[in-house]
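Structural features, examined
Here is how the chains run, residue by residue.
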Amino acid sequence: MDIGTSARERDERWRPPVHLPALWPAIQEHGSRRLALVFGNEAHGLNRDELAQCHILLHLDTWGDYSSYNLASAVAIIGHHIAAHIHQQTTASHPTPTHKQPADIALVERLGSYWLDSLERCAYFRGNRRRDIYEPHFRQLLQRLALSKEDATTLFASLAQFNYYSFGDKHLND
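Described in the following lines is the structure provided in the data block. Treat the numbers as computed from the prediction; the structure is a model and nothing was measured.

1. Notes on the nonpolar core
Nonpolar side chains tend toward joint burial in soluble globular proteins. Formed by 15 residues in total, the largest nonpolar core has its most connected members in Ala103, Leu111 and Leu142. Dropping the residues within four chain positions of it, Ala103 is found in contact with Val108, Leu147, Ser148, Lys149 and Ala152. Counting 14 residues, the second-largest nonpolar core is a separate cluster that includes Met1, Leu20, Ala74 and Ile82.

This is the structure in structure tokens:
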């Protein structure tokens, strides 16, 4: 579906323009899943033949003494309007999951210790990579992640499997 833009008033024989608030309903009414926005140059816009090829004639209302926007502004306004409606439909059809119970600080601390011990077991800390330097940064990272209880449990389970597969035991120090 082609959407042609025009700032000029057309005579009564021409189909009436759609204004921005009515654009999305017009797009949905047409039922097309593909859109083409057709803009003319800043000096003259689209001519009658070009507009006749379009399914919808769109007019952007302006304020003040100006009858039209420059091309970049018109593209940004219309693009934002369409993207906002697409985003709204997408989030409505894919609701955000319910919030999970956050992991308490003790659980995150235990996870950090278990992770660091696991890294120690697989000789991650050697040469210039020292645990005493790495550990504060790693613990800050875990805190910034704002893990849920379920997330922390998942990480514990995967580390336990790593330890069991690598060393023959889960090496849990609880």
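2. Quick notes on the side chain of His81
Structurally, His81 can be placed in helix α3 (residues 71-93). Setting aside residues up to four positions removed in sequence, His81 forms contacts with Leu20, Leu23 and Trp24.

3. Describing the sheet that holds strand β3 (residues 36-38)
As summarised here, the arrangement of the four strands in space is β2-β4-β1-β3, forming an open sheet in which the pairing is parallel. In the strand order of this sheet, the two ends are held by β2 (18-19) and β3, each with one partner. The pairing of β2 with strand β4 (residues 56-59) spans two bridges and is classified as parallel. Across the sheet, residue His19 finds its bridge partner in β4, namely His59.

4. With respect to the side chain of Ser148
Of note, Ser148 is situated in the loop between α5 (131-144) and α6 (149-167). Taking relative accessible area as the criterion, Ser148 reaches 6% and is therefore assigned buried. A polar side-chain atom of Ser148 sits 3.0 Å from the main-chain amide nitrogen of Asp151. With sequence-adjacent residues up to four places away left out, Ser148 is seen in contact with Lys100, Gln101, Pro102 and Ala103.

5. Overview of the pairing of strand β1 (residues 2-5)
Judged from the three bridges that link them, β1 and β3 form a sheet pairing that is parallel. Counterpart to Asp2 in the pairing with β3 is Ala36. With three bridges connecting them, β1 and β4 associate as parallel partners. Each bridged residue has a counterpart across the sheet, and for Thr5 the counterpart in β4 is Leu58.

6. Describing the layout of surface pockets
Taken as a whole, the largest pocket spans an internal volume of roughly 420 Å³. The dominant element in the lining of the largest pocket, judged by the number of residues it contributes, is α3, at three residues. Estimated volume of the second largest pocket: approximately 240 Å³. Along its surface, the second largest pocket is lined by Trp24, Ile27, Gln28, Gly31, Ser32, Arg33, Leu35, Ile86, Gln89 and Thr90.

7. As for helix α1 (residues 20-30)
Where α1 is concerned, the buried positions are Leu20, Leu23, Trp24, Ala26 and Ile27. Along the long axis of α1, the arc covered by the buried residues comes to 165°, so they all point the same way. The exposed set on the far side of α1, more than 90 degrees from its buried face, consists of Pro21 and Glu29. Remark: Gly31 follows α1 within two positions and exhibits a positive phi of approximately 80°.

8. Observations concerning the environment of Leu23
In this fold, Leu23 is placed in helix α1. Looking at Leu23, the relative accessible area reads 0%, which means it is buried. Sequence spacing of Leu23 and Arg129 is 106 residues, and the spatial spacing of their C-alpha atoms is 58 Å. Setting aside its immediate chain neighbours within four residues, Leu23 contacts Ile3, Val18, Ile56, Leu58, Ile78, His81 and Ile82.

9. Considering the packing of helix α4 (residues 105-121) against α6
It is the contact of α4 with α6, at a shortest axis distance of 10 Å, that shows an interaxial angle of 20°. Considered as vectors, α4 and α6 are oriented roughly parallel to each other. Judged by the twist between their axes, the crossing of α4 over α6 is left-handed. Here Leu107, Arg110, Leu111, Tyr114, Trp115, Ser118 and Arg121 of α4 lie close against α6, whose contacting residues are Lys149, Ala152, Leu155, Phe156, Leu159, Ala160, Phe162, Asn163 and Phe167. Classifying every residue of the contact of α4 with α6 gives 11 nonpolar, two polar and three charged.

Parameters at a glance
- Residues numbered from 1 in each chain as written.
- Predicted model: local features only at pLDDT ≥ 70, side-chain atom pairs only at ≥ 80, totals over all residues.
- Heavy atoms only, no water.
- Core = buried A, V, L, I, M, F, W, Y, C linked by side-chain atoms within 4.5 Å.
- Buried < 20%, exposed > 50% of the residue type's maximum accessible area, 1.4 Å probe, protein only.
- Contact = heavy atoms within 4.5 Å.
- Helix = DSSP H or I, 4+ residues; strand = E, 2+ residues; numbered from the N terminus.
- Pairing = 2+ DSSP bridges.
- Polar contact = N/O pair within 3.5 Å; in protein donor to acceptor, adjacent residues only side chain to side chain.
- 1 Å grid on protein atoms, 1.4 Å probe; cavity = no way out; pocket = protein on both sides within 12 Å on 5 of 7 lines; lining within 4 Å.
- Points joined across faces, edges and corners; volume = space filled by probe spheres on them.
- Arc of directions from axis to C-beta.
- Axes fitted to C-alpha atoms, helices over the stretch in contact; angles between N-to-C directions.
- Parallel < 35°, antiparallel > 145°, perpendicular 65-115°, else oblique.
- Left-handed = near helix turned anticlockwise from the far one by under 90°.
- Nonpolar A, V, L, I, M, F, W, Y, C, P; charged D, E, K, R; others polar.

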